[in-house]
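Here's the letter readout for the chains.
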Amino acid sequence: MPLPMIKDSKKSIKNIIAIAAGKGGVGKSTITVNLALALKKRGFSVGIIDTDVYGPSLKKMLPPEQPPLQKEQTLFPATCSGIKVISMAYFRKEEEASAVRAPIANGIVTQFIKNVDWGNLDFLLIDFPPGTGDIQITICQQAALTGALMITTPQEVAIMDVKKAMNLFDQLRVPIIGVIENMSYYLSNSQPIYLFGKGGGEKLAREAGVPLLGEVPVDPILSQSGDQGKSIFNETNFGETTLTETFFNIAERVMQSLDVIKESSEKTALSIKQKDNSTLLIHWNDGSIGEYRFSELQKNCPCANCVDETTGKRFPNSVREDVQVRNIQKVGRYALKFEFTSGCSSGIFSYEMLHLCSKN
Ligand code: ADP
């Protein structure tokens, strides 16, 4: 039985970055758009997914020059200022109510992640919806995230939610690229006024052991540019400002932090192939090749049918030696999920665990 191919439509995307806050209204979309524009100005190819199915806002900030297209199962993103964008807002009338049940919302976001033809991208920025629930977990599991950028304001209430979001990324093994503090201060006669307190972002970054990548001031130019769908990087709109420098610096620091993350990245499976009816081969990024019998994999299955969740002990089960794997799915950047012919299908096998139980 040939093993189905693992679908990976994002082969040509170098960096997939979550932009998250845990909370709405802190400027996540504003930072996403301006970081994308800064990266684009520096010559990179950039895409954005707006995963806020309930309140998508990117269409206003990035009015499309070319609308998105759908050809059979494949979506082609809209383009705006050279940035490729996909958002629910392109497929719905502005005033239409967004009564979308959670499973449908998950389905839409999954389509945005799996079925969009991005071409080659240096950066795909995923503007996360607020919260730390089902939809956020779905995105982390479906997209092979390179890392997450955390957006906060200096305020304690914002920081609390960012910490929750950071915990979620930690649990799902998504590295944190760094923290960006938005609405840090307001410049009045060249003097900073700290409207929402001072140093919150820096403290958060220090405690989490991640870099503070920048502090963005409260500036009416940012809200106007968003409302008017005009780029601050286009001199005829707002003129060359220190704001553009702020975002160029952030882009630079994001790239530096990504380099550090990549250098220290853990085990990654480069290719996964079926050797014969009973064995799987995984080529690891350190050059080693792991060989795995399906029956041995099933004996190590960590799903709730196989392991008692409260005691952590394995239930006595008799795994058939001729058990096979019907399907394999990648889970984020860190694990695989096997569907065994025995019916077991929900166990997540981390790369670390697979590497440890390799025969070679
Ligand atoms: P989120 O995506 O976190 O919900 P938005 O990016 O939509 O937040 O920002 C919320 C509002 O605040 C928008 O009206 C936006 O224009 C404004 N805003 C965000 N950051 C700034 C800033 N640094 N200066 C001025 N206005 C800002």
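Definitions and cut-offs
- Residues numbered from 1 in each chain as written.
- Predicted model: local features only at pLDDT ≥ 70, side-chain atom pairs only at ≥ 80, totals over all residues.
- Heavy atoms only, no water.
- Helix = DSSP H or I, 4+ residues; strand = E, 2+ residues; numbered from the N terminus.
- Buried < 20%, exposed > 50% of the residue type's maximum accessible area, 1.4 Å probe, protein only.
- Salt bridge = Lys/Arg side-chain N within 4 Å of Asp/Glu carboxyl O.
- Arc of directions from axis to C-beta.
- Polar contact = N/O pair within 3.5 Å; in protein donor to acceptor, adjacent residues only side chain to side chain.
- Core = buried A, V, L, I, M, F, W, Y, C linked by side-chain atoms within 4.5 Å.
- Contact = heavy atoms within 4.5 Å.
- Near = heavy atom within 4 Å.
- Areas by Shrake-Rupley, 256 points an atom, 1.4 Å probe, with all protein chains shown as cover.
- Pairing = 2+ DSSP bridges.
- Axes fitted to C-alpha atoms, helices over the stretch in contact; angles between N-to-C directions.

Glancing now at unusual backbone geometry. Within the chain, Met 183 stands out as a residue other than glycine whose phi angle is a positive 55 degrees. As for its placement among the helices and strands, Met 183 is situated in the loop between strand E9 (176–182) and strand E10 (186–188). The exposure class assigned to Met 183 is partly exposed, which follows from its relative accessible area of 24%. Even without being a glycine, Asn 189 presents a positive backbone phi close to 50 degrees. Position of Asn 189 relative to the elements: it lies in the loop between E10 and strand E11 (191–193).

Turning to the pattern of salt bridges, a few remarks are in order. A full pass over the atoms with the stated rule returns 11 salt bridges. Here Asp 322 makes a salt bridge to Arg 320, at a shortest N to O gap of 2.8 Å. Here Asp 322 falls in the partly exposed class, since its relative accessible area comes to 47%. Here Arg 320 falls in the exposed class, since its relative accessible area comes to 58%. One connected set of salt bridges, linked through shared partners, spans Arg 293, Glu 296, Lys 299 and Glu 321.

This part is about helix H7 (residues 220–228). Within the sequence span of H7, burial applies to Leu 222, Ser 225 and Gly 226. For H7, the angular spread of the buried residues around the axis is 100 degrees, confining them to a single face. Its side-chain oxygen 2.9 Å from the backbone nitrogen of Ile 221, Asp 219 forms the N-cap of H7. Gly 229 sits one or two positions beyond H7 and adopts a positive phi of about 65 degrees.

With that settled, the discussion passes to the nonpolar core. Counting residues in hydrophobic clusters, the biggest one holds 43 residues, and the most contacted among them are Ile 17, Leu 149 and Phe 247. Take this core: its biggest share by element is 9 residues, from helix H9 (residues 242–263). Sequence-distant contacts of Phe 247, defined by excluding residues within four places in its chain, comprise Ile 31, Asn 34, Leu 35, Ala 38, Val 216, Leu 222, Ile 232 and Phe 233. The next biggest cluster of nonpolar side chains, apart from the first, holds 40 residues, and it includes Ile 49, Met 88, Met 150 and Val 179.

Turning our eyes to something else, we now look at the site of the ligand. Around the ligand, the structure places 15 residues, and the nearest of them are Gly 25, Lys 28, Ser 29, Thr 30 and Pro 217. Pro 217 is positioned with one of its backbone polar atoms (N or O) 2.8 Å from a nitrogen atom of the ligand. If the ligand stood free it would expose 560 Å²; the protein chains cover 76% of that surface. At the level of secondary structure, the elements contributing two or more residues to the shell around the ligand comprise helix H1 (28–41) and H7.

With that settled, consider the sheet that holds strand E14 (residues 279–284). Taken in spatial order, the 3 strands of this open sheet run E13-E14-E15, and their pairing is antiparallel. Of all strands in the sheet, those with a lone pairing partner are strand E13 (269–276) and strand E15 (289–293), marking the two edges. For this sheet the average axis-to-axis angle between neighbouring strands, irrespective of direction, equals 20 degrees. Pairing geometry for E14 and E15, over 5 bridges, is antiparallel. Counterpart to Leu 281 in the pairing with E15 is Glu 291.

Strand order in the open sheet formed by 3 strands is E16-E17-E18, with antiparallel pairing between adjacent strands. If you trace the sheet from one side to the other, it starts and ends with strand E16 (325–331) and strand E18 (348–350), each paired once. Here the average twist between neighbouring strands, direction ignored, is 30 degrees. One ladder, built from 6 bridges, connects E16 with strand E17 (residues 335–340); its direction is antiparallel.

Nothing here speaks to function; it is all geometry.
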